[in-house]
Amino acid sequence: MRFQTSRPALAGNEMRYVQEAVAGGWISGHGSFVTRFENEVSRFLNLEDGIAVSSGTAALQLAIRALGTKPGDEVIVPSFTFVACPNAVYYSGARPVFADCDPVTRNLTVESIRASLTPRTRGVMLVHLFGLPGPSDVVRQFCTEHQLWLLEDCAHSFGARLNGMCTGSFGDAACFSFFANKVVSTGEGGMVFLKEPEKRELVRCLREQGMDPCRRHWHLHHGYNARMHNLAAAVGCGQVEMAAYHIEERRRIAHRYCRNLKRLEEAGDILLPVEPPGCFSVYWLFSLVLRAGGSMRREHIRRRALEEFGIETRPFYTPMHRLPIYQDGTSFPNSEFLGDHGIVLPTYSKLKDEEVDEISQAMTVCICGDGLRP
Ligand SMILES: *Cc1c(COP(=O)(O)O)cnc(C)c1O
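What comes next concerns the included structure.

Definitions and cut-offs
Residues numbered from 1 in each chain as written. Predicted model: local features only at pLDDT ≥ 70, side-chain atom pairs only at ≥ 80, totals over all residues. Heavy atoms only, no water. Near = heavy atom within 4 Å. Polar contact = N/O pair within 3.5 Å; in protein donor to acceptor, adjacent residues only side chain to side chain. Areas by Shrake-Rupley, 256 points an atom, 1.4 Å probe, with all protein chains shown as cover. Nonpolar A, V, L, I, M, F, W, Y, C, P; charged D, E, K, R; others polar. Core = buried A, V, L, I, M, F, W, Y, C linked by side-chain atoms within 4.5 Å. Buried < 20%, exposed > 50% of the residue type's maximum accessible area, 1.4 Å probe, protein only. Contact = heavy atoms within 4.5 Å. Pairing = 2+ DSSP bridges. Helix = DSSP H or I, 4+ residues; strand = E, 2+ residues; numbered from the N terminus. 1 Å grid on protein atoms, 1.4 Å probe; cavity = no way out; pocket = protein on both sides within 12 Å on 5 of 7 lines; lining within 4 Å. Points joined across faces, edges and corners; volume = space filled by probe spheres on them. Right-handed = clockwise from strand over helix to strand, strands pointing away.

## Overview of the site of the ligand
If you check the shell around the ligand, you find 16 residues, and the closest are T57, D153, H156, S177 and K182. Take D153: an N or O atom from its side chain is 2.7 Å from a nitrogen atom of the ligand. Interatomic distance of 2.6 Å between a side-chain N/O atom of H156 and an oxygen atom of the ligand. With the chains in place, 92% of the 380 Å² that the ligand exposes on its own is no longer accessible. For the shell around the ligand, the per-class residue count stands at seven nonpolar, seven polar and two charged.

Listed below in structure tokens is the structure:
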């Protein structure tokens, strides 16, 4: 294989900090790099008092619990997203109710949220897919009007901005993932931000077995072990120092792909990602959407890219309402279209311009010359 879809770029002080942590004997979830990482991420994003946890999924799970979600409640979640989103709702005993996405931005819209609203709806999970901010300001307003909480899943959108404000600034809660392929990574890890200080205290407590911070072995809640470990945080401290670089790298790569693939878009073969006015996307993973042909054709193109050109690509998410664990007879045409037609291309810091050109050219051959072109 010549190009992987994703590759962590450990380009800064990651190794030095890990060595420091190991030398000091701090290899658990208690250590100074955890606090330092929380502070540095909070400062970079201009958000208050982040709480580092063991994964992005744990971040969602703890945030949803802190927002007071109960069995019988409903939470609106995009159908087109990663499975951790509805799962986090499911763990709380509440029911994820899916909503369709916009076919161009791929994010939820106020209209799609409204269509899934019921008297049992308690909150909305807005996911900023592929690094493009969702319509956070209008969704915020909608949630306030309907007395719903808003949780932003910023797993893809570290450093993305809407009208100058980082994603994570709009919700009652915001969750980040630092999995190996995310914009900033700790290998495995996540972070929770909450607007209300009491809820932050609750999440810190839940992270630590629900233990009373003032009384050892006295457990106030059914907690979790959801700590981020110090070695992961040490990697994260190296990563966050380079966050602006990693974001610029992704934007450089995305702009070059767009430039190279513009002709295919103009010919009506594909749709490229957009960056509407007021949005600053971090292009977590660059992707294109075929205009036609269905998933068979998409898989044929992906196989050819790999076998003939050594390019690993990824299909888009399977829409959640199509998974047996969540199937409920609903259908969401935009989400299904994206699920069948989307292709993720290699996107990682240090992918050279010439390499982006080579991948673009190969994809053009695969898409135009596949014999199945409608
Ligand atoms: C990566 C991701 C998460 C969290 O994943 P972890 O692997 O648990 O860190 C949550 N939501 C979305 C949309 C993601 O892509």
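Next comes the rest of the account.
## Remarks on the nonpolar core
By size, the foremost hydrophobic cluster in this structure holds 73 residues, and its most contacted members are F37, V41, M125, L151, F158, F176 and F178. Once residues lying within four places of it in the same chain are set aside, the contact partners of F178 are F37, V41, F158, V184, S185, T186, G187, E188, G189, G190, M191 and M228.

## Describing the sheet that holds strand β13 (residues 314-315)
The strand order β10-β12-β14-β13 describes an open sheet built from four strands, whose pairing is antiparallel. In this open sheet, the two edge strands, each paired with only one partner strand, are β10 (270-271) and β13. Alignment of β13 against strand β14 (residues 342-344), held across two bridges, turns out to be antiparallel. Bridged to P315 within β14 is I343.

## Section: the pairing of strand β9 (residues 190-194)
Side chains on a regular strand alternate between the two faces of the sheet. Of all five residues in β9, five are buried; the element is thus mostly enclosed. The alternating pattern of β9 places G190, V192 and L194 on one face and M191 and F193 on the opposite face, and all of these are buried. Of the strand pairs in this sheet, strand β1 (residues 51-53) and β9 are connected by three bridges, and their pairing is antiparallel. Looking across to β9, one finds that A52 is bridged to M191. Bridge count for strand β8 (residues 173-177) against β9 is five bridges, and the pairing is antiparallel.

## Points about empty space enclosed by the protein
All told, the structure shown has one cavity of 30 Å³ or more when counted by the stated rule. By volume, the largest cavity amounts to about 100 Å³. Residue lining of the largest cavity: 13 residues in total, with R106, F130, L132, P273 and V274 positioned closest to the centre. Of the residues in the lining of the largest cavity, the class split is nine nonpolar, three polar and one charged.

## Concerning the pairing of strand β4 (residues 121-127)
The buried count for β4 comes to six of seven residues, which makes it a mostly enclosed element. Sheet analysis places strand β2 (residues 74-78) next to β4, joined by three bridges and oriented parallel. Within the sheet, the bridge partner assigned to E74 lies in β4 and is T121. The parallel pair β4 and strand β5 (residues 149-153) is bridged by helix α6 (residues 136-145), and the resulting crossover is right-handed.

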